[in-house]
Amino acid sequence: MQVNLLRLIACLFLSALVAACATVEPPPAYPQVAQAAVETQAKNGVVERIRADIAWLSDDAREGRETGTEAYRQAADYVAARMAGLGLKPGANGRWMQEVPFVSASPVVDVAALSITSPDGDLRQLESLTDFVLYPSVAEDAFSIMQAPMVFVGYGVHAPAFGYDDYEGVDVAGKVVVYFYGAPDIFDTESRAHFNSSSLKAKEASDRGAIGTLTLATAASEKRTPWERRTANPHYTSLTWLWPDGRADTSGPNIKGRAVLHPSQSELVFDGAAHSYDEVRAAADGEGDPTGSFDLAVKVSMSGAMKRENISSPNVVGLIPGADPKLKNEYVILTAHLDHVGVNHGLIDKGEDGINNGAMDNATGVATMLEAAQRFMAEGAPKRSVLILAVTAEEKGLLGADYFAHFPTIGRGEMVANVNLDMPVMLHEFTDVIAFGAERSSIGPIMKAALEETGIGLSPDPIPELGVFTRSDHYRFVEQGVPSIFLWTGFDNGGEEKFWDFYKNHYHKPSDDISQPILYDELARFAEINYIIARAIADAPEKPVWNEGDFFGDLFSK
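All figures in this text were calculated on a predicted structure; none of them were measured in a lab. (Residues numbered from 1 in each chain as written. Predicted model: local features only at pLDDT ≥ 70, side-chain atom pairs only at ≥ 80, totals over all residues. Heavy atoms only, no water.)

A. Structural view of the overall build of the protein chain. On a plain count of helices and strands, the protein chain comes out with 17 helices and 19 strands. Taken over 558 residues, the protein chain has a buried fraction of 56%. Partitioning the intrachain contacts of the protein chain with sequence separation of at least 6 by distance along the chain shows that 83% fall at a separation of at least 24. One way to put it: in the protein chain the 46 positive side-chain charges average out to a point 6 Å from where the 77 negative ones average out. (Helix = DSSP H or I, 4+ residues; strand = E, 2+ residues; numbered from the N terminus. Buried < 20%, exposed > 50% of the residue type's maximum accessible area, 1.4 Å probe, protein only. Contact = heavy atoms within 4.5 Å. Lys, Arg positive; Asp, Glu negative; His and termini not counted. Charge placed at Lys NZ, Arg CZ, Asp CG, Glu CD.)

Written out as structure tokens, the structure reads:
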């Protein structure tokens, strides 16, 4: 009787949902998806709803929610139906979906080539995936760099505000620049993450006329990303979004191709140079004195090709209109990425599980964001408007968030803050959090008040080598001058062991599924903290502002 009653309620709810949606856009393409969302909405209690959302989004049927796939679009329809069930309004100009135009590109693996020519003219042809990994630009079908001179530029960092410049005294125009992963330790954690960004490094090289980049490993980068992981998916798919005129958005438009060199081959690059590979590697690992930048004596040739096609994939946007006549055109944006990394066909071919379900990355974040939205609707309209934004293509370079940050669906409104939820690894009873970005703006005191209210401690970033600050969607809002906060659970109370076990054994792997011992009641607490912060921002008399003299505020404020 109870089950039949639930089905009746769900069917009535679904009919009402479809009727309501029909006034703003066509009914969902997948009615069974909307039905699943309605059944989740009917769950009693936050824990049950979070569990149901995660289970549905990370089910094998979602095929890893890769951007551009039908399985991802089903996940988007589910989230839109959940938003509708909560009472949100469509937030993308009367629709639930903001379609993001992309160019998708996969490397033609068997044509990738890289060779080094010594000062004596000897040619050393390297083996793809064994000696190097090549990343052609997604903006072109093919590229070729022939016998280009090379320049070593340390970490490839240009930071005049900190009195540091790896490009000082060298000319890289028409050349391939060589640099190490990472950034020097002169920066604070979040600034270091910014300068460690591969897209920023490509932009800096491109701005100076370089035509290619070659990246070398450090001890830290080898530990973080072993070569086996770097080469595990040679048929990877790259994406970038398209401008209205059809241009592909790239961080370094002059960079034709990028390569990563295996450490065993790196000494070839320094043949005949002023300093040896051992010297520069020791400096990069913090075990020797910096050598400065210098011209190299060898030349490099590299070539590759991409199979490209235009696709689209949606961000899902729900709106909670603000109630204050003066503040309703200011928007607080809550984000969580809906996509994951899809299917590992190599494992499938071996008869193994190859579906990367993405339960922790990032079904947990989407579920907690939806629960925060539920709290907003239950407790009355905030003063400022709030957008609940499930973004696509985070795993491809924060692209869905970047597109939205460039083309926000808020008319003449203003984005005043971003609260981001990404991969809360909820495998322990957390007692502390890391608050990326919070203390750079007036969001800091709001965050501290929320933690005091909930009895949670605040810890510094324990893993600065991962550069987390630039690796999640909030950073695309920071780049548009929007103060942002991104909470992660901390390492106290057993969190460190649980995090590293997840990162080493489950991150971006098929085992990141619902079978993990996820603590749903802890996710409910995490949703509570994020809601309190978002609500306080939305109701505050003044919008968030960057702290005076803050590096990111000064760099990106419009």
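Additional details are given in the paragraphs that follow.
B. Inspection of empty space enclosed by the protein at higher detail. This model, assessed by the stated rule, comprises 1 cavity of 30 Å³ or more. Reported here for the largest cavity is a volume of approximately 60 Å³. In this structure, the largest cavity is lined by Val 425, His 428, Trp 488, Thr 489, Gly 490, Phe 491, Gly 495, Lys 498 and Phe 499. Within the residue set of the lining of the largest cavity, elements represented by two or more residues are strand 19 (484–489) and helix 15 (495–505). Of all the elements, helix 15 adds the most residues to the lining of the largest cavity, at 3 residues. A breakdown of the residues in the lining of the largest cavity according to their chemical character gives 4 nonpolar, 4 polar and 1 charged. (1 Å grid on protein atoms, 1.4 Å probe; cavity = no way out; pocket = protein on both sides within 12 Å on 5 of 7 lines; lining within 4 Å. Points joined across faces, edges and corners; volume = space filled by probe spheres on them. Nonpolar A, V, L, I, M, F, W, Y, C, P; charged D, E, K, R; others polar.)

C. Structural context of the layout of surface pockets. Size it by volume and the second largest pocket reaches roughly 670 Å³. Within the residue set of the lining of the second largest pocket, elements represented by two or more residues are strand 8 (164–165), helix 5 (189–196), helix 7 (219–224) and helix 9 (277–284). For the lining of the second largest pocket, the element with the most residues is helix 7, which contributes 4 residues. For the lining of the second largest pocket, the residue count by class is 16 nonpolar, 11 polar and 8 charged.

D. Main features of unusual backbone geometry. Of the consecutive residues Asp 361 and Asn 362, the connecting peptide bond is found in the cis state with omega at 10°. On the secondary structure map, Asn 362 appears in helix 11 (residues 359–378). Backbone geometry at Glu 63 places phi at a positive 55°, although glycine is not the residue there. The topology assignment puts Glu 63 in the loop between helix 3 (46–57) and helix 4 (70–86). Judged by relative accessible area, which is 44%, Glu 63 ranks as partly exposed.

E. Representation of the packing of aromatic side chains. Across all of its chains, the model carries 37 aromatic pairs by this definition. With a centroid separation of 5.5 Å and 70° between ring planes, the pair formed by Phe 469 and Tyr 475 is classed as edge-to-face. One exposure class covers both Phe 469 and Tyr 475, and it is buried. The ring of Tyr 503 has Arg 229 lying over it, and the distance from NZ or CZ to the ring centre is 5.5 Å. Above the face of the Phe 430 ring, Arg 525 is positioned so that its terminal group lies 4.2 Å from the ring centre. (Phe/Tyr/Trp six-rings, centres within 6.5 Å; stacked < 30°, edge-to-face > 60°. Lys NZ or Arg CZ within 6 Å of the ring centre and 35° of its normal.)

F. The arrangement of the side chain of Asn 362 in detail. The class for Asn 362 is buried, based on a relative accessible area of 0%. Residues in contact with Asn 362, not counting those within four places in the same chain, are Arg 65, Ala 336, His 337, Leu 421, Asp 422, Met 423 and Pro 424.

G. Broad picture of the environment of Glu 39. Structurally, the position occupied by Glu 39 is in helix 2 (residues 31–41). In sequence terms Glu 39 and His 235 are 196 residues apart; their C-alpha atoms lie 38 Å from each other.

H. Here's a closer look at the pairing of strand 19. Counted residue by residue, strand 19 has 6 buried out of 6 residues, so it is predominantly covered. Here strand 19 shows no split at all, with Ser 484, Phe 486 and Trp 488 on one side and Ile 485, Leu 487 and Thr 489 on the other all buried. Alignment of strand 16 (residues 414–420) against strand 19, held across 3 bridges, turns out to be parallel. Pairing of Asn 418 across the sheet is with Ser 484, part of strand 19. (Pairing = 2+ DSSP bridges.)

I. Representation of helix 4 within the structure. Under the 1.5 Å per step criterion, the end-to-end length of helix 4 is 24 Å for 17 residues, consistent within 8% with the ideal 24 Å. Judged by how many residues are buried, helix 4 sits mostly within the fold: 15 of 17 residues are covered. Positive backbone phi, approximately 100°, marks Gly 87, located one or two places after helix 4. (Expected span 1.5 Å × (residues − 1).)

J. Region of the structure containing the pattern of salt bridges. Throughout the structure, instances matching the rule amount to 20 salt bridges. A salt bridge links Arg 247 to Asp 245; the shortest N-O distance between them is 2.8 Å. Taking relative accessible area as the criterion, Arg 247 reaches 45% and is therefore assigned partly exposed. Owing to a relative accessible area of 53%, Asp 245 belongs among the exposed residues under this scheme. For Lys 543, the salt bridge goes to Glu 414, with nearest N and O atoms at 2.8 Å. With Lys 543 in the loop between helix 16 (520–539) and helix 17 (551–556) and Glu 414 in strand 16, this residue pair connects regions lying 129 residues apart in the sequence. We classify Glu 414 as partly exposed; its relative accessible area is 32%. Among the ionic contacts, a cluster of salt bridges with common partners joins Asp 188, Glu 190, Arg 440 and Asp 550. (Salt bridge = Lys/Arg side-chain N within 4 Å of Asp/Glu carboxyl O.)

K. Quick peek at the side chain of Ser 385. Along the polypeptide, Ser 385 turns up in strand 15 (residues 385–391). On the basis of relative accessible area, Ser 385 is assigned to the buried category, the value being 4%. In contact with Ser 385, not counting residues within four places along its chain, are Leu 319, Ile 320, Pro 321, Gly 322, Leu 327, Lys 328, Glu 330, Tyr 331 and Val 332.

L. Representation of the nonpolar core within the structure. Residues Val 79 and Leu 338 are the most contacted members of the largest nonpolar core, which totals 130 residues. For this core, the leading source of residues is helix 16, giving 11 residues. In this structure, Leu 338 is in contact with Leu 57, Arg 65, Tyr 72, Ala 75, Ala 76, Val 79, Val 316, Val 366, Ala 390 and Val 391, ignoring residues within four places of it in sequence. Grouped together as the second largest cluster of nonpolar side chains are 15 residues, Leu 319, Leu 389, Phe 477 and Val 482 included. (Core = buried A, V, L, I, M, F, W, Y, C linked by side-chain atoms within 4.5 Å.)

M. Inspection of the packing of helix 3 against helix 16 at higher detail. In contact at an axis separation of 9 Å, helix 3 and helix 16 are set at 105° when each is read in the N-to-C sense. As summarised for this structure, helix 3 and helix 16 are arranged roughly perpendicular, according to the angle between their axes. Only Tyr 520, Asp 521, Leu 523 and Ala 524 of helix 16 make contact with helix 3, whose side of the interface consists of Val 46, Val 47, Ile 50, Arg 51 and Ile 54. (Axes fitted to C-alpha atoms, helices over the stretch in contact; angles between N-to-C directions. Parallel < 35°, antiparallel > 145°, perpendicular 65-115°, else oblique.)

N. Quick peek at the environment of Asp 339. Locating Asp 339 in the fold gives a position in the loop between strand 14 (330–337) and helix 10 (345–349). Given a relative accessible area of 0%, Asp 339 falls into the buried group. The spacing of Asp 339 and Ser 313 is 26 residues in sequence and 9.9 Å in space, taken between C-alpha atoms. Aside from chain neighbours lying at most four places away, what touches Asp 339 is Arg 65, Thr 67, Tyr 72, Asp 361, Val 391, Thr 392, Ala 393, Glu 394 and Glu 395. Separated by 3.1 Å, the side chain of Asp 339 and the backbone nitrogen of Glu 394 make a polar contact. (Polar contact = N/O pair within 3.5 Å; in protein donor to acceptor, adjacent residues only side chain to side chain.)

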